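A structural walkthrough
If you want the building blocks of each chain, they are given just below.
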Amino acid sequence: MPALHSTVVDPQQPGRLITLEGPEGAGKTVLGQRLATAIVATGRSVVLTREPGGTRLGERLRALLLEDGGRVDPRADALLFNAARAQLVHEILGPALAAGQVVVCARFGDSTLAYQGYGEGLPLADLRALASVSTGGLVPDRTILLDLDPEIGLRRKSQGEQTRFEASFNLEFHRRVRAGFLELAAAEPERFRVVDASRGVDAVFADVLASSLEVL
Ligand code: TMP
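First, a word on scope: everything that follows refers to the structure included in this document. (Residues numbered from 1 in each chain as written. Predicted model: local features only at pLDDT ≥ 70, side-chain atom pairs only at ≥ 80, totals over all residues. Heavy atoms only, no water.)

Moving on to the packing of helix α2 (residues 56-66) against helix α3 (residues 74-98). In the contact formed by α2 and α3, the axes pass within 8 Å of each other and the chain directions differ by 160°. When the axes of α2 and α3 are compared, the pair comes out roughly antiparallel. The way α2 lies across α3 gives a crossing that is left-handed. Between α2 and α3, the contacting residues are L57, G58, L61 and L65 on the first element and D77, L80, F81, A83, A84 and Q87 on the second. For the contact of α2 with α3, a count of residues per class yields 7 nonpolar, 2 polar and 1 charged. (Axes fitted to C-alpha atoms, helices over the stretch in contact; angles between N-to-C directions. Helix = DSSP H or I, 4+ residues; strand = E, 2+ residues; numbered from the N terminus. Parallel < 35°, antiparallel > 145°, perpendicular 65-115°, else oblique. Left-handed = near helix turned anticlockwise from the far one by under 90°. Contact = heavy atoms within 4.5 Å. Nonpolar A, V, L, I, M, F, W, Y, C, P; charged D, E, K, R; others polar.)

Near the ligand there are 14 residues, and of these E24, R62, R107, T112 and Q116 occur at the shortest range. Interatomic distance of 3.1 Å between a side-chain N/O atom of R85 and an oxygen atom of the ligand. One nitrogen or oxygen atom from the side chain of Q116 is found 2.9 Å from a nitrogen atom belonging to the ligand. In the complex, 94% of the free accessible area of the ligand, which totals 480 Å², lies under the protein chains. Of the pockets mapped on this structure, the ligand occupies the largest pocket. Among the elements of the structure, α2, α3 and α4 (109-119) are those that each provide at least two residues to the shell around the ligand. Sorting elements by how many residues they give to the shell around the ligand places α4 first, with 4 residues. (Near = heavy atom within 4 Å. Polar contact = N/O pair within 3.5 Å; in protein donor to acceptor, adjacent residues only side chain to side chain. Areas by Shrake-Rupley, 256 points an atom, 1.4 Å probe, with all protein chains shown as cover. 1 Å grid on protein atoms, 1.4 Å probe; cavity = no way out; pocket = protein on both sides within 12 Å on 5 of 7 lines; lining within 4 Å. Sits in = over half its atoms within 2 Å of the grid points.)

Taken together, 5 strands build an open sheet; the order of strands is β2-β3-β1-β4-β5 and the sheet is parallel. Since the sheet does not close on itself, it has two edges, and those belong to β2 (46-50) and β5 (192-196), each with one partner. Across this sheet, the average inter-strand angle for adjacent strands is 20°, counted without regard to direction. Of the strand pairs in this sheet, strand β1 (residues 16-21) and strand β3 (residues 102-106) are connected by 5 bridges, and their pairing is parallel. (Pairing = 2+ DSSP bridges.)

The space that makes up the largest pocket amounts to roughly 750 Å³. Residue lining of the largest pocket: 33 residues in total, with G25, K28, T29, R107 and K157 positioned closest to the centre. Those elements that place two or more of their residues in the lining of the largest pocket are α1 (28-41), α2, α3, α4, α7 (164-168) and α9 (201-213). Tallied by class, the residues present in the lining of the largest pocket amount to 13 nonpolar, 8 polar and 12 charged. As a volume, the second largest pocket reaches approximately 320 Å³. Along the walls of the second largest pocket sit 17 residues, with L113, A131, L138, V139 and R191 positioned nearest its centre. (Points joined across faces, edges and corners; volume = space filled by probe spheres on them.)

As a further point, take the packing of aromatic side chains. On inspection of all chains with the given rule, the structure shows 6 aromatic pairs. Taking 6.1 Å as the distance between ring centres and 50° as the angle between the ring planes, the aromatic pair formed by Y115 and F173 counts as tilted. Residue Y115 is located in helix α4, and its partner F173 is located in helix α8 (residues 171-187); the two are separated by 58 residues in the primary sequence. Judged by relative accessible area, F173 falls into the buried class, the value being 3%. Ring centres of Y115 and F181 lie 6.2 Å apart, and the angle between their planes is 80°; this geometry places the pair in the edge-to-face category. Of the two residues, Y115 is situated in helix α4 and F181 in helix α8; the sequence distance between them amounts to 66 residues. Of the two residues, Y115 and F181, neither departs from the other in class, the shared state being buried. Each residue in the set F81, Y115, F165, F169, F173 and F181 is aromatic and connected to the rest through ring pairs, giving one cluster. It is R85 that lies over the ring of F108; its NZ or CZ is 5.8 Å from the centre. (Phe/Tyr/Trp six-rings, centres within 6.5 Å; stacked < 30°, edge-to-face > 60°. Buried < 20%, exposed > 50% of the residue type's maximum accessible area, 1.4 Å probe, protein only. Lys NZ or Arg CZ within 6 Å of the ring centre and 35° of its normal.)

See the structure below:
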């Protein structure tokens, strides 16, 4: 996903971090792009990025993490996703937020809790400790959970688009991930908004935009 940088930086405005979470095929890429464009139209400066990725190191780690090369220990996954996250916070998120920009990020720490925690069974407390190291305690101002039955999401992706997570994990894994995301959202209703992503993209986007404008 290309970063979308607008030119105006207004240090008078508080920086805001909006994250998009959810299963595969929920539309994070398209919705992130539309959201960034809509926020730029309100006069705010926006950075659009993604996890894993968004930096040179992060994109290299992304290629390693998503290639379908067989079974990876979930602890190795958790550490590598957090390594990419640490670099993203250091290089992109921290400076952008300090400059008063709005950052729209496809996936963030909740993905590790959902996939490596609820999906793979690693202890949530360990993953939270790891995330606090990699993010320095940075918590999104708003997290939009694009909720979708994993069967629908996986069907939306063509064979060529499949990553290791779609190819190597069964439907049960993806169901645990979905349930995990919903549990995380229920535990933090102030930060999360849950959006039904099974609908057409325009209806989903309307909810994504409204949920984002609440915190700007
Ligand atoms: P995506 O960018 O197409 O959503 O692919 C990223 C994949 O990586 C997706 O299957 C979810 C997975 N993932 C984790 O397992 N843990 C994480 O912390 C993150 C950020 C992603």
